[in-house]
Every structure is written in C-alpha cells, then in structure tokens.
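Take a look at the letters that make up each chain.
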Amino acid sequence: MLHFFSPTNVGEPFQFLASSHLVMLGLFLFLAILLYLSRNRISGTRKQEIIRFTLIAILVLSEVTLTLWYNYTDYWDPADTLPLQLCSISLILSVLMLITRNPFLFEVTYFLGVGGALQALLTPELFYDFPHYRYFHFFLAHIAIILASFYMIWFEKFTPTPKSIIKAFLTLNVIALFVYLVNIITKGNYMFLARKPSNPSLIDFLGPYPWYIISLELVALTMFILLYIPFFIFKKKKRL
C-alpha cells in the first residue's frame, strides 16, 4: 500500500504505447462504446442518473485524492500543484456541467475537455507506471472527462454548434488570462504560459516564447473545428 502512494516510482517509468498504456486506451474505448450502445436503452431511467453521479464521483474523488497525495508526499506547491492546468480546469468544468446540465458549460467543456483529455490519453506526460496511484489517477480522470461530455451528448441530447467553437475559444482565452496572472504571482507555469516545459514536447516545434502561445491558440482553434466536424456531417446527412 505504501508503494501505491509512494512519492517515487518503484518500478519502471511509464512508457508510451507499452502494455500499461494500451490497456488504458482499451478501457477508454470499451467504456465509450458501452456508453454509446446503452444510450437508448437506459435513457430516462434510474440507471442514467447512476451513470451521471458515478462520473461526478470519479471526477471529484480524483481531484480530492490528488490534493491529498500532494500533501502526503510533501509535493504540494502553489507554483506546481494548483488545479490550473487545462485538464484540471476541464475536470472542474465537467463536474459543474454534470451537476447543472448547463448548455454553456457543455459547449465549453466539450471542446476544452475532450480536446485536452484525448491528447493526454494518446500522449501521456506521466512518469508513474502501473500499479502506482498516479497511473490510475491520470488515466481514470482523463477518461471520465471525455465520458462526461459524451454522456451529455448521448443521454442529455446536447449538441455543439458553430457558435460553440467561438464561445469555447473566447472562454479559453479568459481562463488563460487568469492563469497568466496566477503564474506571475506563484512563479508557476500553468498551461505553459510562462515558459516552455523543461521536457521535450510538441511545443518545441511551435517557436520561441512568447510566440509559441500564438501557435498554441491556432492549434486549439484547429482542434475545436475538428471536434465539431462529426456534428456538422451528421446535421448535413440529416437534412438530406
């Protein structure tokens, strides 16, 4: 049990597309397909509410336990461990979205949450491997973020529109401005708005600081458009 919560990785470090990575990608696909196939059968029933509250519980517990782990390992530092990375912000928005069923929160969370969490699942920035707590936390939290938006689409019948792209993009910039100010106060680098990450990443191909931030804006906007394309195609086919 102590190894499970250890501040250091006891075994080998996490490796991209190793078996531990592929298992979690498989779990994500399985749960997404299961959620989709059950959308008509259990919509409007008590089971639908069980799914909603289960997602809320997973998201809340993942953030609470992470804060406890930071304190347990003496890793907590306002410059590094506040919930101000994009996926942490998406997690909080996902909880609020599931609780309130607010259309605006859905529009924002779908693009920020699915875009960021999907990228994190495919290219994890993770040191801890199975069976460490951080391994399970990382994957289950990101899977739940994506499934939360899928739940809103398949069970609550929410659909993004072209205006949703604009709303999400503007909201992202408002959040980025707030995070930028927090970075100044804490000397942190949340959302990589203060400097490039120390480890090699895709940001290395986007130019020097601060110009890579503009490139990140374009990447985010492109990602939002790509996430909207399936709905555009579906609406177009529906009109035919």
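Throughout what follows, the structure given in this document is the object of discussion. (Residues numbered from 1 in each chain as written. Predicted model: local features only at pLDDT ≥ 70, side-chain atom pairs only at ≥ 80, totals over all residues. Heavy atoms only, no water.)

With respect to the overall build of the chain
Secondary structure assignment for the chain yields eight helices and zero strands. Counted from the first residue to the last, the chain has its helices and strands arranged as α-α-α-α-α-α-α-α. Scaling as 2.2 N^0.38, a compact globule of 240 residues should have a C-alpha radius of gyration of about 18 Å, and the chain matches this with 18 Å. Along the first, second and third principal axes, the C-alpha atoms of the chain reach 55 × 45 × 30 Å. The buried share among the 240 residues of the chain stands at 44%. For the chain, the accessible surface area stands at approximately 13600 Å², while carbon and sulfur atoms represent 73% of it. (Helix = DSSP H or I, 4+ residues; strand = E, 2+ residues; numbered from the N terminus. Rg over C-alpha atoms; globule rule 2.2 N^0.38 Å. Buried < 20%, exposed > 50% of the residue type's maximum accessible area, 1.4 Å probe, protein only. Areas by Shrake-Rupley, 256 points an atom, 1.4 Å probe, with all protein chains shown as cover.)

Considerations on the packing of helix α1 (residues 19–37) against helix α6 (residues 133–154)
At a minimum axis separation of 10 Å, α1 and α6 run at an interaxial angle of 20 degrees. In this view, α1 runs roughly parallel relative to α6, as classed from their interaxial angle. The crossing of α1 and α6 is right-handed. Across from S20, H21, M24, L27, F28, L31, A32, L35 and Y36 in α1, the residues of α6 making contact are Y135, F136, F139, L140, I143, I146, L147, F150, Y151 and W154. Its residues placed into classes, the contact of α1 with α6 shows 17 nonpolar, two polar and no charged. (Axes fitted to C-alpha atoms, helices over the stretch in contact; angles between N-to-C directions. Parallel < 35°, antiparallel > 145°, perpendicular 65-115°, else oblique. Left-handed = near helix turned anticlockwise from the far one by under 90°. Contact = heavy atoms within 4.5 Å. Nonpolar A, V, L, I, M, F, W, Y, C, P; charged D, E, K, R; others polar.)

Things to note about the packing of aromatic side chains
Following the criterion strictly, the structure yields 20 aromatic pairs and no others. Ring centres of Y151 and F155 lie 5.3 Å apart, and the angle between their planes is 15 degrees; this geometry places the pair in the stacked category. Each member of the pair Y151 and F155 is classed as buried. Grouping aromatic residues by their ring pairs yields a cluster made of F14, F130, Y135, F136, F138 and F139. (Phe/Tyr/Trp six-rings, centres within 6.5 Å; stacked < 30°, edge-to-face > 60°.)

Things to note about the packing of helix α4 (residues 86–100) against helix α5 (residues 103–122)
Each pair of packed helices gets described by two things: the angle between the helix axes and the distance between those axes. Their axes nearest at 9 Å, the elements α4 and α5 cross at an angle of 140 degrees. One way to sum up the angle between α4 and α5 is to call them oblique. Where α4 crosses over α5, the handedness of that crossing is left-handed. Taking contact as the criterion, the partners of L86, C87, S90, L93, S94, L96, M97 and T100 in α4 are, on α5, L105, F106, V108, T109, L112, G113, G116, A117 and A120. For the contact of α4 with α5, the residue count by class is 11 nonpolar, six polar and no charged.

Examining unusual backbone geometry
With an omega of 5 degrees, the peptide bond between F130 and P131 qualifies as cis. On the secondary structure map, P131 appears in the loop between α5 and α6. P210 follows Y209 through a cis peptide bond whose omega is 0 degrees. Looking at where P210 falls in the secondary structure, it is placed in the loop between α7 (162–186) and α8 (211–239). In this model, D74 sits at a positive phi of 60 degrees, which is unusual for a non-glycine residue. Relative to the helices and strands, D74 resides in the loop between α3 (46–72) and α4. Phi at M191 is positive, roughly 60 degrees, even though this residue is not glycine. As for its position among the elements, M191 is in the loop between α7 and α8. Among the residues examined, M191 registers a relative accessible area of 14% and is labelled buried.

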